[in-house]
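# Examination of the molecular architecture
The lines below spell out each chain.
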Amino acid sequence: MLSTRPPALDDGPASLHAIWAALQPDQPSGGLVIRAVMISSIDGTTTVDGRSGGLGTPTDRLVYDAMRARADLVLVGSGTALAEHYGPAEVSPVWADRRSGPPPPVLVLTRSLPDQLIDLCADTDDRVRIAAAHEVSRRRIEAARARGVTVHVLDPGPTGAAVRALASRLHAREVDFEGGPRLLGTLLSEGAVDDLVLSVAPELIVGGDDSTLAPGPGSTRVPMRVVSAFTCPRGGLYTRWAVGEGLR
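These figures come from a predicted structure and were not determined experimentally.

Here is what the cut-offs are and how they apply
Residues numbered from 1 in each chain as written. Predicted model: local features only at pLDDT ≥ 70, side-chain atom pairs only at ≥ 80, totals over all residues. Heavy atoms only, no water. Helix = DSSP H or I, 4+ residues; strand = E, 2+ residues; numbered from the N terminus. Buried < 20%, exposed > 50% of the residue type's maximum accessible area, 1.4 Å probe, protein only. Contact = heavy atoms within 4.5 Å. Areas by Shrake-Rupley, 256 points an atom, 1.4 Å probe, with all protein chains shown as cover. Core = buried A, V, L, I, M, F, W, Y, C linked by side-chain atoms within 4.5 Å. Pairing = 2+ DSSP bridges. Right-handed = clockwise from strand over helix to strand, strands pointing away. Phe/Tyr/Trp six-rings, centres within 6.5 Å; stacked < 30°, edge-to-face > 60°. Lys NZ or Arg CZ within 6 Å of the ring centre and 35° of its normal. Salt bridge = Lys/Arg side-chain N within 4 Å of Asp/Glu carboxyl O. Axes fitted to C-alpha atoms, helices over the stretch in contact; angles between N-to-C directions. Parallel < 35°, antiparallel > 145°, perpendicular 65-115°, else oblique. Left-handed = near helix turned anticlockwise from the far one by under 90°. Nonpolar A, V, L, I, M, F, W, Y, C, P; charged D, E, K, R; others polar.

## Points about the overall build of the chain
Regarding its fold elements, the chain presents seven helices and nine strands. Oriented by its inertia axes, the alpha-carbon framework of the chain measures out at about 65 × 45 × 40 Å. A buried classification covers 50% of the 248 residues belonging to the chain. The long-range share in the chain, meaning contacts at least 24 apart out of those at least 6 apart in sequence, stands at 71%. For the chain, the exposed area adds up to about 12,300 Å²; of that, 53% sits on carbon and sulfur atoms.

Structure follows, in structure tokens:
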């Protein structure tokens, strides 16, 4: 009898090799790829008590760390960076032999550049930087730079195009986007995401946070194609989806 059960992978050497291969992006042109790395429960909830970390599993952590080890740049929205207490990226020892060079810098997107975000990015040796929306005031930008924070200003226009243009200027070829959900909705609706790496936690949240994977105004249907999927002995489903063509 045929089985549709995906392979179960653990943290053994053969499984680690399979996980790394499953996360290999499709790069026919060798150009920039932006890859969203997200987690949700079975019902689509993305946070527990305001944080996505409450949904994580050991295998999800392997996937998350592998994506950071692959990336030239980590991209995250300011709300997620503040809620999850972001700091400089590190390369997990599990994946260190597959990466040459230092960990990727973290780039935090913001539309307002609040003091809390400046505090988060200051004194990180340029490893956590800011990408400010074009409309952020010059006064806020100079306040951040006075604290030693590198601030990049996005081009005017749609967020997705501005993010891709900045990533190209920073010579990034593989960008690891880590949330949050509302920013993901914007980038997906604008055709700025190439891959969705989605971990589905082995639980369903009843009466939890009112959070979904990609909220946003209106309704946009984004076609996707599953590229790889696996599970682990402790449960959960770990998938990579290619965003459909014709969106850019």
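## So, the nonpolar core
Core analysis: the biggest nonpolar cluster contains 27 residues, and A36, L75, V175, F177, L184 and V193 have the highest contact counts within it. Every element with two or more residues in this core is listed here: β1 (33-40), β2 (73-77), β3 (106-110), α6 (159-169), β6 (174-177), α7 (181-189) and β7 (195-200). Once residues within four sequence positions are removed from consideration, L184 is found in contact with A36, M38, F177, V193, L213 and A214.

## What to know about the pairing of β3
In terms of burial, β3 is a largely internal element, five of the five residues being buried. With burial as the criterion, each face of β3 is covered, one bearing V106, V108 and T110 and the other bearing L107 and L109. Relative to β3, β2 is paired through four bridges, and the arrangement is parallel. The residue bridging V74 from the neighbouring strand is V106, located in β3. Remark: the β2/helix α3 (residues 78-83)/β3 crossover connection has right-handed handedness. Looking at chain direction, β3 and strand β4 (residues 128-132) are connected through five bridges and run parallel. By the bridge assignment for β4, T110 is matched with A132. Assessed by its sense of winding, the connection that carries the chain from β3 through helix α4 (residues 115-121) to β4 is right-handed.

## A word on the packing of aromatic side chains
In this structure the tally under the stated criterion is two aromatic pairs. The ring of W20 has R70 lying over it, and the distance from NZ or CZ to the ring centre is 4.9 Å.

## Overview of the pattern of salt bridges
Pairing between side chains of opposite charge can happen when their charged atoms approach one another. Under the counting rule described, the total for this entry stands at 16 salt bridges. Note that R127 is salt-bridged to E90, the shortest N-O span being 3.3 Å. Note that R127 is positioned in the loop between α4 and β4 and E90 in the loop between α3 and β3, a separation of 37 residues in sequence. R138 is the salt-bridge partner of E142, the closest N and O atoms lying 3.2 Å from each other. With E142 and R138 both in helix α5 (residues 138-146) and four residues apart, this pair spans about one turn of that helix. Each of the salt bridges in this network shares a partner with another, and the network as a whole consists of D26, R35, R70, E174, D195 and R240.

## Digging into the packing of helix α1 (residues 13-22) against helix α2 (residues 58-70)
A pair of packed helices can be characterised by two numbers: the angle between their axes and the separation between those axes. Interaxial distance between α1 and α2 falls to 10 Å at its minimum, and their mutual angle equals 60°. As far as their axial angle goes, α2 and α1 are oblique. Where α1 crosses over α2, the two elements pack in a sense that is right-handed. Where α1 abuts α2, its residues L16, I19 and W20 lie against L62, V63, A66, A69 and R70. Within the contact of α1 with α2, the residues separate by chemical class into seven nonpolar, no polar and one charged.

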